[in-house]
Amino acid sequence: MAVNRISKLPKLKVLFLAGDNILSPAVFDIDGENENAWRYLKYLYLGVSKMTPSGGWYFTGDRGSAVMRGFLLDVRWENLDGDLPWFDFRFHPDPITFNPFLIAMARAIVRMPALKRFTCMFHEAAVVNYYGPGYFDKY
């Protein structure tokens, strides 16, 4: 996966990937890597879609609790998938898809010795933050 390879570029210190990127746990793949992978990475921000690469969802919910976000005319429920147009009900992590992503993330973070801050933002559903040792010492 390209994002995985880019994140491991020698001497890369900052990677900011904004937006709703459709990513899988493979973005954190460490199989067969040497000890120098992610050695210099200090700041990592990933904006992640609620949708998985296979078309599934990292989050689930009840359509009856949908929140309308915007003005739409002639909306039919059978045309909505929970993302666009702005009827959103997917706010609860789906353990089947979300847990493997979270586990891969945790395994990768411990292999980033210089990491000061990590943020993974799932489009309006969840945020995962990690602050490295000494991050708050400057305050």
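Whatever comes next refers back to the structure up there.
Every chain is numbered on its own, with residues counted from 1 as its sequence reads. Local features in a predicted model are, by the rule used here, given only for residues with pLDDT of at least 70; side-chain atom pairs are given and counted only at 80 or more, and totals for whole chains, interfaces and linings are based on all residues. Excluded from the side-chain calculations are hydrogens and water; all other atoms, namely the structure's heavy atoms, are used.

1. As for the overall build of the protein chain
Runs of H or I in DSSP of at least four residues are treated as helices and runs of E of at least two as strands, each being numbered from the N terminus. Each helix and strand counted, the protein chain has two helices and eight strands in total. In the protein chain, the succession of helices and strands from N to C terminus is α-β-β-β-β-β-β-α-β-β. Exposed residues in this analysis have more than 50% of their type's maximum accessible area, buried residues have under 20%, and partly exposed residues fall in between, with area computed by a 1.4 Å probe over protein chains only. Looking at the protein chain as a whole, 33% of its 139 residues are labelled buried. Once local pairs closer than 6 in sequence are excluded, the contacts in the protein chain between residues at least 24 apart make up 64%. Per-residue and other accessible areas were derived by the Shrake-Rupley procedure at a 1.4 Å probe size, with only the shown protein chains allowed to occlude residues. When the accessible surface of the protein chain is totalled, it reaches about 8400 Å², and 57% of it is carbon and sulfur. Contacts were defined at the residue level, with two residues in contact if any of their heavy atoms lie within 4.5 Å.

2. Focus on the packing of aromatic side chains
Pairing of aromatic rings covers Phe, Tyr and the six-membered ring of Trp, with a centre-to-centre limit of 6.5 Å; geometry is then stacked below 30 degrees between planes, edge-to-face above 60, and tilted otherwise. Applying the stated criterion to the full structure yields twelve aromatic pairs. Look at Phe59 and Phe98: their rings are 5.3 Å apart centre to centre, the planes differ by 55°, and that puts the pair in the tilted class. Of this pair, Phe59 sits in strand S3 (residues 59–60) while Phe98 sits in helix H2 (residues 95–109), placing them 39 residues apart in sequence. Centre to centre, the rings of Phe59 and Phe122 are 5.4 Å apart; their planes meet at 65°, and the pair counts as edge-to-face. Within this pair, whereas Phe59 is found in strand S3, its partner Phe122 is found in strand S7 (residues 117–122), the two being separated by 63 residues in sequence. Owing to a relative accessible area of 1%, Phe59 belongs among the buried residues under this scheme. Assessed through its relative accessible area of 0%, Phe122 is described here as buried. Criterion for a charge above a ring: Lys NZ or Arg CZ within 6 Å of the ring centre, and within 35 degrees of the ring normal. Its end group placed over the ring of Phe91, Lys50 keeps NZ or CZ at 4.7 Å from the ring centre.

3. Considering the sheet that holds strand S1 (residues 14–21)
Across a sheet, strands are paired by hydrogen bonds formed along the backbone, either parallel or antiparallel in direction. Ordered in space as S1-S2-S7-S8, the four strands form an open sheet in which the pairing is mixed. Every other strand in the sheet has two partners, leaving S1 and strand S8 (126–131) as the edge strands with one partner each. Neighbour-to-neighbour, the strand axes of the sheet open up by a mean angle of 5°, direction not taken into account. In this scheme, strands are said to pair when DSSP sees at least two bridges between them. Interaxial angle, 0 to 180 degrees, is taken between N-to-C directions of lines fitted to C-alpha atoms, where a helix line uses only the stretch in contact.

Everything listed is a geometric property; what it means functionally is a separate question.
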